[in-house]
Amino acid sequence: MVKLLSYPISLIYFICFGLTLLVFHPIQWICLNVFGYQAHKVSVDALQFFLMRCANILGTRFSFYNDYPIEKGRPLIIITNHQSLHDIYPLTWFMRRYHPKFISKIELGKGIPSVSYNLRHGGAALIDRKNPRQSLPALMKFGEYIENNKRAAVIFPEGTRSKDGTPKPFQTRGLDILFKKIPSAIIVPVTINNSWKMLRYGKFPMGLGNHLKFKVHKPLELANFTDKQALIETIEKTIKADIEH
């Protein structure tokens, strides 16, 4: 019965979602090309807010839990598990004061209104997972950008999303590069729960009535750790310990 009900509601959601992306595409272009980076960032933040309101049509709720102060004006490496594309816009909104920038597969850099434009012009890293000669320099350049501009790099070390919420093993190559290129970073582990349920039936219809939860764990000074492999293992255990099953 719930799945049957989700068909018409999902249709309304996709119409609103698509219109939001179409409306904000020219807004982003104008903000960036006429007013510069800061105006573009405001437009991107507003986009995330309205994408969350679109998700509310599906009965989706969002909660963000953070008991720790995170220093502004410092580069961050936000490390989190990955359950669906619905991880991205709430995390961008909740962490907006730190200018989050994502590592994304290169295919998303074209063809999607608003999303592709922001990935190409907003400071993201677009990588070809099948081509190390492209991806490694792109990650190194991305790390240097984060370090120099005091932004927040967001990385999903699992490499791909978990379709049922069960976490995948962390891949370390991307983290190793970011650790080297952003030596002054504060590491912010985050656990995401329940966003996979948005796609429990596949791409259509959408899951209804989900409560997406984002929990920030204790931030860590990267410079305080000499054994980076042990650090990665600790972060992985911390994030996965709070994943709901």
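Located above this text is the structure these notes cover.
The text that follows walks through the structure, step by step, so that each part is easy to find. In this text, all values refer to a predicted model and were calculated from it rather than measured experimentally.

Glancing now at helix α7 (residues 228-241). The end-to-end C-alpha distance of α7 is 20 Å, a good match for the 20 Å that 14 residues give at a rise of 1.5 Å each. Three or more residues of α7 are buried, namely Leu231, Ile232, Ile235, Glu236 and Ile239. On an axial view of α7, the arc spanned by its buried residues comes to 135°, and they lie on one face. Facing away from the buried surface of α7 by more than 90 degrees, the exposed residues are Lys237 and Ala241.

Counted under the stated rule, the structure contains 11 aromatic pairs. Relative to phenylalanine 214, the ring of phenylalanine 94 lies with its centre 5.9 Å away and its plane at 55°, an arrangement referred to as tilted. On the criterion of sequence distance, the pair formed by phenylalanine 94 in helix α3 (residues 88-94) and phenylalanine 214 in strand β7 (residues 211-216) is long-range, its members being 120 residues apart. The exposure class assigned to phenylalanine 214 is buried, which follows from its relative accessible area of 0%. By the ring-pair criterion, three or more aromatic residues cluster together here, those being Tyr7, Tyr13, Phe14, Phe17 and Phe204. When the ring centre of phenylalanine 49 is taken as origin, the NZ or CZ atom of arginine 53, which lies over that ring, is 4.6 Å away. Over the face of the ring belonging to tryptophan 93 we find arginine 96, whose NZ or CZ atom lies 3.7 Å from the ring centre.

This part takes up helix α5 (residues 132-149). Look at α5: 25 Å from first C-alpha to last across 18 residues, which is about the 26 Å you get at 1.5 Å a residue. Among all positions of α5, only Ser135, Ala138, Leu139, Phe142, Gly143, Ile146 and Glu147 are buried. Tucked into the core, α5 has its buried residues touching β2 (76-80), β3 (100-105), β4 (125-127), β5 (152-155) and α6 (173-181). Of the residues trailing α5, lysine 150 is marked for its positive phi of about 60°.

Turning our attention to the pattern of salt bridges. Evaluated as defined, the whole model comprises seven salt bridges. We note a salt bridge from aspartate 45 to lysine 41, for which the minimum N-O separation is 2.5 Å. Taken as a pair, aspartate 45 and lysine 41 lie in helix α2 (residues 37-56) at a separation of four residues, close to a single helical turn. Of the two residues examined, aspartate 45 and lysine 41, each falls in the buried class. Between lysine 240 and glutamate 236 there is a salt bridge; the shortest N-O distance is 2.5 Å.

Counting residues in each nonpolar core, the largest one holds 34 residues, and the members touching the most others are Leu76, Ile78, Tyr89 and Val188. Per element, the largest residue contribution to this core is five residues, and it comes from α2. Once residues lying within four places of it in the same chain are set aside, the contact partners of isoleucine 78 are Met95, Ala152, Ala153, Val154, Ile155, Val188 and Val190. Judged by nonpolar contacts, the second largest core, of 25 residues, contains Ile77, Ile79, Ala153 and Leu220.

Mapping serine 195 onto the fold places it in the loop between β6 (186-193) and β7. Among residues more than four places away in sequence, those in contact with serine 195 are Gln83, Ser84, His86, Asp87 and Leu212.

About the criteria used
- Residues numbered from 1 in each chain as written.
- Predicted model: local features only at pLDDT ≥ 70, side-chain atom pairs only at ≥ 80, totals over all residues.
- Heavy atoms only, no water.
- Helix = DSSP H or I, 4+ residues; strand = E, 2+ residues; numbered from the N terminus.
- Expected span 1.5 Å × (residues − 1).
- Buried < 20%, exposed > 50% of the residue type's maximum accessible area, 1.4 Å probe, protein only.
- Arc of directions from axis to C-beta.
- Phe/Tyr/Trp six-rings, centres within 6.5 Å; stacked < 30°, edge-to-face > 60°.
- Lys NZ or Arg CZ within 6 Å of the ring centre and 35° of its normal.
- Contact = heavy atoms within 4.5 Å.
- Salt bridge = Lys/Arg side-chain N within 4 Å of Asp/Glu carboxyl O.
- Core = buried A, V, L, I, M, F, W, Y, C linked by side-chain atoms within 4.5 Å.

Purely geometric stuff here, so don't read any function into it on its own.
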